[in-house]
Every structure is written in C-alpha cells, then in structure tokens.
Amino acid sequence: MILEALGAALLGLALAWGAVHRMPDRLPVRGAVLTTGSLGAVFGALLAHGALGPGHVTATLVGALAVAAVLLSLLLRPANRRLRRSAAV
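Parameters at a glance
Residues numbered from 1 in each chain as written. Predicted model: local features only at pLDDT ≥ 70, side-chain atom pairs only at ≥ 80, totals over all residues. Heavy atoms only, no water. Axes fitted to C-alpha atoms, helices over the stretch in contact; angles between N-to-C directions. Helix = DSSP H or I, 4+ residues; strand = E, 2+ residues; numbered from the N terminus. Parallel < 35°, antiparallel > 145°, perpendicular 65-115°, else oblique. Left-handed = near helix turned anticlockwise from the far one by under 90°. Contact = heavy atoms within 4.5 Å. Nonpolar A, V, L, I, M, F, W, Y, C, P; charged D, E, K, R; others polar. Buried < 20%, exposed > 50% of the residue type's maximum accessible area, 1.4 Å probe, protein only. Lys, Arg positive; Asp, Glu negative; His and termini not counted. Salt bridge = Lys/Arg side-chain N within 4 Å of Asp/Glu carboxyl O. Core = buried A, V, L, I, M, F, W, Y, C linked by side-chain atoms within 4.5 Å. Expected span 1.5 Å × (residues − 1). Arc of directions from axis to C-beta.

**Structural notes on the packing of helix H2 (residues 30-52) against helix H3 (residues 57-74)**
Closest axis-to-axis distance for the H2/H3 pair is 7 Å, and the angle between their directions is 140°. In terms of axis orientation, H2 runs oblique to H3. Classified by chirality, the crossing of H3 by H2 is right-handed. Residues Val33, Thr36, Gly37, Gly40, Ala41, Phe43, Gly44, Ala45, Ala48, His49 and Leu52 of H2 form the contact with H3, whose own contacting residues are Ala59, Thr60, Gly63, Ala64, Val67, Ala68, Leu71 and Leu72. Its residues assigned to classes, the contact of H2 with H3 shows 12 nonpolar, seven polar and no charged.

Structure (structure tokens):
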C-alpha cells in the first residue's frame, strides 16, 4: 500500500505539472495545483484500494489518476472570452 500511495502521489504530481504547463492562465497558483494533484491522487488510491482490495495495483493507480483529474478540473477557471449578445434578443 505504501508503494501504491507513493506511485499515486507521483502520478498526481505529474498530472498537475502537465496541467500547469498546458494551461497556466486558467489555473490558480502553481503550488496549489501541484498539491491538489498529488493529494487528490493519494485520496483516489485510498478509495480505489478500499473498493478493490489488495492485488489490483493498476486499477488502483487508474482510480487515483481519475480522482486527481476530477479535482484538478474543479480548479479550472473560464477562459477570458467575452460572449457577444445581440441587442435584438
């Protein structure tokens, strides 16, 4: 379980790092994003390990990535586009 948690933390950190470099203008401070990614992945690994039991390392890491991705998506802000509305409507 310790290695699963460490692997999940590293995968979550890598996912968050990729998100920070891909969309820096739509995310908050880098430290908050990296922390959210790694802690979200550890929490996801804990959930997946509890649901699946021992012996499902790959599925546990997939669950960890899924939870980390969901938590990182909650940090996204809308793009800086203005919607143009017609005055006739």
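**Describing the side chain of Glu4**
Examined against the element boundaries, Glu4 turns out to sit in helix H1 (residues 2-22). No salt bridge is formed by the buried Glu4. Its closest oppositely charged neighbour is Arg30, at 29 Å. Beyond its immediate chain neighbours, meaning those up to four positions away, Glu4 contacts His49, Val57, Thr60 and Leu61.

**A closer look at the nonpolar core**
If you look at the biggest cluster of nonpolar residues, it comprises six residues: Ala16, Ala19, Val20, Leu27, Val33 and Leu72. Element by element, the count of residues in this core is highest for H1, at three residues. Filtering out sequence-adjacent residues up to four positions away, Val20 remains in contact with Leu27, Arg30 and Val33. Counting residues in each nonpolar core, the second largest holds five residues, with Ala8, Ala45, Ala64 and Ala68 among its members.

**Points about H3**
Relative to the 26 Å expected for 18 residues at 1.5 Å per residue, H3 spans 26 Å between its end C-alpha atoms, a close match to the ideal helical length. Packing partners of the buried residues in H3 comprise H1 and H2.

**Points about H1**
Given a rise of 1.5 Å per residue, 21 residues ought to cover 30 Å, and the 30 Å separating the end C-alpha atoms of H1 matches this to within 8%. Residues of H1 that are buried include every one of Glu4, Ala8, Gly12, Ala16, Ala19 and Val20, and no others. The arc that holds the buried residues of H1, viewed along the axis, is 140°, so those residues lie on one side. Looking at H1, the residues exposed on the side facing more than 90 degrees away from the buried face are Ile2, Leu3, Leu10 and Trp17. Against H2 and H3 lie the buried residues of H1.

**Quick look at the environment of Arg30**
Examined against the element boundaries, Arg30 turns out to sit in helix H2. Separated by 13 residues in the primary sequence, Arg30 and Trp17 place their C-alpha atoms 8.4 Å from one another. Those residues in contact with Arg30 that lie beyond four places of it in its chain are Val20 and His21.

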